[in-house]
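# A closer look at the structure
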Amino acid sequence: MARKKKNWIKGAIKRPGALKRKAKKAKMSTAAYSRKVLKKGSRASALTKRQARLAQTLRKMRRK
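A brief structural summary. (Residues numbered from 1 in each chain as written. Predicted model: local features only at pLDDT ≥ 70, side-chain atom pairs only at ≥ 80, totals over all residues. Heavy atoms only, no water.)

### Considering the overall build of the chain
What counts is decided by this rule: Strands here are runs of E lasting at least two residues and helices are runs of H or I lasting at least four, both read from the DSSP assignment and numbered beginning at the N terminus. Only protein chains enter the accessibility calculation, which uses a 1.4 Å probe; a residue is then buried when its area is under 20% of its type maximum, exposed when over 50%, and partly exposed in between. We call two residues in contact when some of their heavy atoms are within 4.5 Å. Computed with a 1.4 Å probe, the accessible areas rest on the Shrake-Rupley method; for each residue, only the protein chains presented here act as cover.
Each helix and strand counted, the chain has four helices and zero strands in total. Dimensions of the chain along its principal axes, counting C-alpha atoms only, are 45 × 20 × 20 Å. Counting over 64 residues, the chain shows a buried share of 19%. Intrachain contacts of the chain at a sequence separation of at least 6 include 44% that bridge at least 24 residues. Total accessible area on the chain stands at roughly 5900 Å², and carbon and sulfur atoms take up 55% of it.

Structure representation (structure tokens):
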């Protein structure tokens with residue numbers, strides 16, 4: 001059975017703070033910007049969509 005990596009989050013975050021800077025430039029919170037980017041029909045880049053998805057995942061983990 002394969003073991004999960006203990007520190008997968010560190011490896012998943014390639015550009016720390018990048019999504020927050022994009023959200024700030026759009027005058028939105030990170031959560032609101034993530035929702036906007038992931039809506040159907042959004043023209044955001046694939047990288048931005050991946051960052052938004054990761055932000056939502058990490059936010060869910062924080063609540064536990």
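### A word on the nonpolar core
Where we set the bar: As used here, the term nonpolar core means buried Ala, Val, Leu, Ile, Met, Phe, Trp, Tyr and Cys residues forming a set that is joined through side-chain atoms within 4.5 Å.
Counting six residues, the largest nonpolar core is built from L19, A23, Y33, V37, A52 and A55. Listed by contribution, the elements that provide at least two residues to this core are α2 (18-25), α3 (30-38) and α4 (46-63). Those residues within four positions of Y33 in sequence are excluded, and the remaining contacts are L19, K22, A23, A26, M28 and T48.

### Examining the side chain of S34
Mapped onto the elements of the fold, S34 is located in helix α3. Those residues within four positions of S34 in sequence are excluded, and the remaining contacts are L19, A52, A55, Q56 and R59.

### Some points on α2
Counted only if it meets this: It is the directions from the helix axis to the C-beta atoms that the arc portrays.
Residues of α2 that are buried: A18, L19 and A23. Relative to the axis of α2, the buried residues are bounded by an arc of 135° and lie together on one face. Residues of α2 that are exposed and point more than 90 degrees away from the buried face comprise K20, R21, K24 and K25. Residues of α2 that are buried in the fold lie against α3 and α4. Following α2 by one or two positions, K27 adopts a phi angle in the positive range, close to 60°.

### A closer look at the side chain of T48
Test applied: Any pair of N or O atoms that falls within 3.5 Å is considered a polar contact. Within protein, one atom must be able to donate a hydrogen and the other to accept it, and sequence-neighbouring residues count only if both atoms are side-chain atoms.
Looking at the element boundaries, T48 is found in helix α4. Side-chain polar atoms of T48 contact the side chain of K22, separated by 2.9 Å. With sequence-adjacent residues up to four places away left out, T48 is seen in contact with L19, K22, Y33 and V37.

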